[in-house]
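Architecture and fold: a report
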Amino acid sequence: MSDELTETEVEEPEPQAPAPDDQLASVTAERDEYLALAQRLQADFENYRKRALRDQERLVAHAHERLVRELLPIVDDLERALEAAERHEEAQLVDGVKLVEKSLRAALVKEGLTEIDTGGQFDPHVHEALLTRPGEGAEPGSVLDVVQRGYRLGDKVVRPARVIVAADTGEA
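The structure reproduced in this document is the subject of the present report. (Residues numbered from 1 in each chain as written. Predicted model: local features only at pLDDT ≥ 70, side-chain atom pairs only at ≥ 80, totals over all residues. Heavy atoms only, no water.)

1. Some remarks on helix H1 (residues 20–86)
Our working rule: Where helices and strands are cited, they refer to DSSP runs of H or I of at least four residues and of E of at least two residues respectively, numbered from the N terminus. In a helix, the anticipated span is given by 1.5 Å times the number of residues less one. Take the seven residues that end at a residue and the seven that start at it, fit an axis to each, and the angle between those axes is the bend at that residue. Relative accessibility decides the category of a residue: with a 1.4 Å probe and only protein chains considered, values under 20% of the type maximum give buried, values over 50% give exposed, and everything between is partly exposed.
An ideal rise of 1.5 Å per residue puts 99 Å on 67 residues; H1 measures up with 97 Å between its terminal C-alpha atoms. At Leu-71, H1 is deflected by roughly 25 degrees, the largest bend along its length, and proline Pro-73 occurs up to four residues later in sequence. Those residues of H1 that fall on the buried side of the exposure criterion are Ile-74, Asp-77, Ala-81 and Ala-84.

Here is the structure:
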């Protein structure tokens, strides 16, 4: 066989690179596809954020409604106690106020409120020292008296207990 081509033999064309216009169109289409995907993801995230915010607002509103329902009977008890006070029924007034206080405490405990323990040593995480004074036979730094009770809601301190703390007398 000779190296020359005969009329019956056809030379195979080499694969050619796509024309620049075809390549540009392909890259543009791919870019548009990615842009559309990014826009959809952004819209999905924005919808999720709005839905989560609505759900949170609904949950807070439900919690407020539940707390108000718990407190309304206590308001009724206070009204009855005030009516008794207007009639000068002092014994009933004291009983009425005690009932209201008991009902209110029960409602708050039901919501998770607990009183901070004030026995023992001063703890700056849960106590607020209003003043110090010498305490006969008391260990320095111990709580002598409670001026205002402190409370926790779960693990969070809502209001620290205001206390009077035994001072170091300086005796050695």
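From this point, the narrative continues.
2. Some remarks on the sheet that holds strand S5 (residues 156–159)
So the rule is basically this: Paired strands, in this sense, are two strands between which DSSP finds at least two bridges. In this analysis an axis means a line fitted to C-alpha atoms, helices contributing only their contacting stretch, and an angle means the value between N-to-C directions, from 0 to 180 degrees.
Strand order in this open sheet of 3 strands is S1-S4-S5, and the pairing throughout is antiparallel. Every interior strand has two partners, whereas the edge strands, strand S1 (113–115) and S5, have only one. Taken over all neighbouring pairs, the strand axes of this sheet differ in orientation by 35 degrees on average, direction set aside. Judged from the 3 bridges that link them, S1 and strand S4 (residues 151–153) form a sheet pairing that is antiparallel. If you follow Glu-115 over to S4, its bridge partner there is Tyr-151.

3. Digging into a nonpolar patch on the surface
Formally: To count toward a patch, a residue needs a relative accessible area above 30% and no salt bridge. Like charges then connect within 9 Å, nonpolar side chains (Val, Leu, Ile, Met, Phe, Trp, Tyr) within 5 Å. Calculation of accessible area relied on Shrake-Rupley with a 1.4 Å probe; when residues are assessed, cover is drawn exclusively from the protein chains displayed. We define a salt bridge as a side-chain nitrogen of Lys or Arg found within 4 Å of a carboxyl oxygen belonging to Asp or Glu.
Nonpolar side chains collect at one region of the surface, where Tyr-34, Leu-37 and Leu-41 lie side by side and expose about 320 Å² of accessible area between them. The topology assignment puts Leu-41 in helix H1. You can call Leu-41 exposed: its relative accessible area is 53%.

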